[in-house]
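Residue-level structure breakdown
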Amino acid sequence: MSEATREIGFEQAQALEERYLMRTYKRAPVDFVRGEGPLLWDAAGKRYLDFLTGISVCSVGHCHPHVLKAVHEQSHRLVHVSNLFYTEPMARLAERLAESSLGGRVFFSNSGTEANECAIKIARKHAHGRGVAAPEIVSFESDFHGRTYGALSATPALAANEALGPMLPGFRTVPRNDAEALRAAVGEKTAAVLIEPIQGESGVFPITDEALLAARAACDEAGALLIFDEIQTGVGRTGSLWAYEQTPVRPDVITSAKALGGGFPIGACIAGPGAADVLEPGDHGSTFAGGPVATAAALAVLEIVDDPVLLRHVRELGAYLREKLEALDGVAETRGRGLMVGVGLEEGIDAAGLGADLLERGLVVNVPRPDTLRLLPPLVIDSDHVDLAVGLIGEALLGFSAV
Ligand code: PLP
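Overview of the structure.

Let's shift gears to the packing of aromatic side chains. Counted according to the given criterion, the structure contains one aromatic pair. Taking the centre distance of 5.1 Å and the plane angle of 85° together, the rings of Phe32 and Tyr48 count as edge-to-face. Of this pair, Phe32 sits in strand E1 (residues 32–36) while Tyr48 sits in strand E3 (residues 47–50), placing them 16 residues apart in sequence. You can call Phe32 partly exposed: its relative accessible area is 33%. Overall, Tyr48 belongs to the buried group, its relative accessible area being 4%. The side chain of Arg34 reaches across the aromatic face of Trp41, ending 3.9 Å from its centre.

Below, the discussion takes up the sheet that holds E1. Pairing is mixed in the open sheet, where four strands are placed in the order E1-E2-E3-E15. Every other strand in the sheet has two partners, leaving E1 and strand E15 (363–364) as the edge strands with one partner each.

Our focus in this paragraph is the site of the ligand. Within the structure, the ligand sits among 13 residues, and Gly112, Thr113, Asp229, Gln232 and Lys258 are positioned closest to it. Between the ligand and the protein, one listed contact pairs a nitrogen atom with a side-chain N or O atom of Asp229 at 2.7 Å. Contacts to the ligand include Gln232, whose side-chain N or O atom sits 2.8 Å from an oxygen atom. At three residues, helix H5 (residues 112–129) tops the list of elements feeding residues into the shell around the ligand.

What follows concerns the pairing of strand E2 (residues 39–42). Every second residue of E2 is oriented toward a common face, with Leu39 and Trp41 on one face and Leu40 and Asp42 on the other, all of them buried. When E1 meets E2, the two strands line up antiparallel, connected through four bridges. Considered in E2, the bridge of Gly35 is made with Leu40. Between E1 and E2, which pair antiparallel in sequence order, lie two residues; one of them, Gly37, sits at a positive phi of approximately 55°. Pairing of E2 with E3, which is carried by three bridges, proceeds in the antiparallel orientation. Bridging across to E3, Trp41 finds its partner in Arg47.

Calculation criteria
Think of each chain on its own: its residues are numbered from 1, step by step along the sequence as written. Owing to the predicted nature of the model, reporting of local features is limited to residues with pLDDT of at least 70; listing and counting of side-chain atom pairs is limited to 80 or more, with chain, interface and lining totals taken over all residues. Note that the side-chain values use all heavy atoms of the structure and ignore hydrogens as well as water. To pair, rings of Phe, Tyr and Trp, with the six-membered ring standing in for Trp, must have centres within 6.5 Å; the planes then decide the type, stacked if under 30 degrees apart, edge-to-face if over 60, and tilted in the middle. Secondary structure counts use DSSP, requiring at least four H or I residues in a row for a helix and at least two E residues in a row for a strand, with both numbered from the N terminus. Type-normalised accessible area, obtained with a 1.4 Å probe on protein chains alone, sets the label of each residue: buried when under 20%, exposed when over 50%, and partly exposed for intermediate values. A ring has a charge above it when a Lys NZ or an Arg CZ is no more than 6 Å from the ring centre and no more than 35 degrees off the ring normal. The rule for pairing is simple: two strands pair if DSSP sees at least two bridges between them. By convention in these notes, a residue is near a molecule or strand provided one of its non-hydrogen atoms lies within 4 Å of it. Here a polar contact means two N or O atoms within 3.5 Å. Within protein one must be a hydrogen donor candidate and the other an acceptor candidate, and residues neighboring in sequence count only if both atoms are side-chain atoms.

And the structure:
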């Protein structure tokens, strides 16, 4: 968008946000107006390399022509009719999601947190079916599952905010990767173990195979469901369509959102055969969810991402990115899988300052904790983009000393 087509300037937009938006976000001082592939432009015409993709949403890059074409065509035919009727893109997307993962059935939502609400309902009803009066859901400390009350109650760092209480009853946590504590926490009352296979928001921490195997075994013994929140890890981010494919376990339910719509809001709860028929008419619903435009966008995204060549590229480029990062002074470690990478900085380096400096230099990253950068670039970047990003991080690090 050129300045000529803008009705207000950056300062005015800032003033309006300050006056009219609830103060829930601390925004970076950039006003993006255009995106193409891995690039963004701000209102002043400055170009940025986007290694955040709207928090793992624009995985096929900004304004991908295939997604735009699908959205354009669908939005000129039919935008919304509700879930009281059949629409083709929704039916085709449900088939594609189920057949590419657990089989079973899909419930669509408009966001990640709502996909988890569906999974929580399934888990509780499934447990009631075994005669459990007060079902419990077990998660790892520092898991992030969303901000509606069910998902929030399974997100310990946010659920600790007493001003928002009371949380829903029946949620408990164990330390990340503590297989023994997990086994001890899962019992007769457990409805589900709900975990992220790689924790994203808390700083990119993969869950160990040992902990995943313990979760699977404990759920099997208790008759509980193993639910993977793949909202950040799914849709190719880790180099397989779903992150669980690269682990030794198969969950009973997975939730998806973020990259699924390529920028259009959509979430999905996919329940395998053992949990697919738990919800019945009246148990759940949504006016907007599974609408023709969002589902057409998601079908287009999956046509791009569900491709063995692209997924291999994600694994290879992720390894290349981590190798280059680990060679930089100031980088203590990297964590993650595929193109979901946490960069652990040496002690004393202020990640927030580094992130702000990188934004000035034209690289968009995220800072999930005081010692970590999180990189979630588009899956369609190439090694030149990686070289450019790592070059910028290396230059920026020169101005930040470790203790
Ligand atoms: N689960 C995970 C793993 C996430 O990373 C997020 C968002 O960051 C959510 C759930 C919530 O998704 P949404 O913000 O679309 O509600």
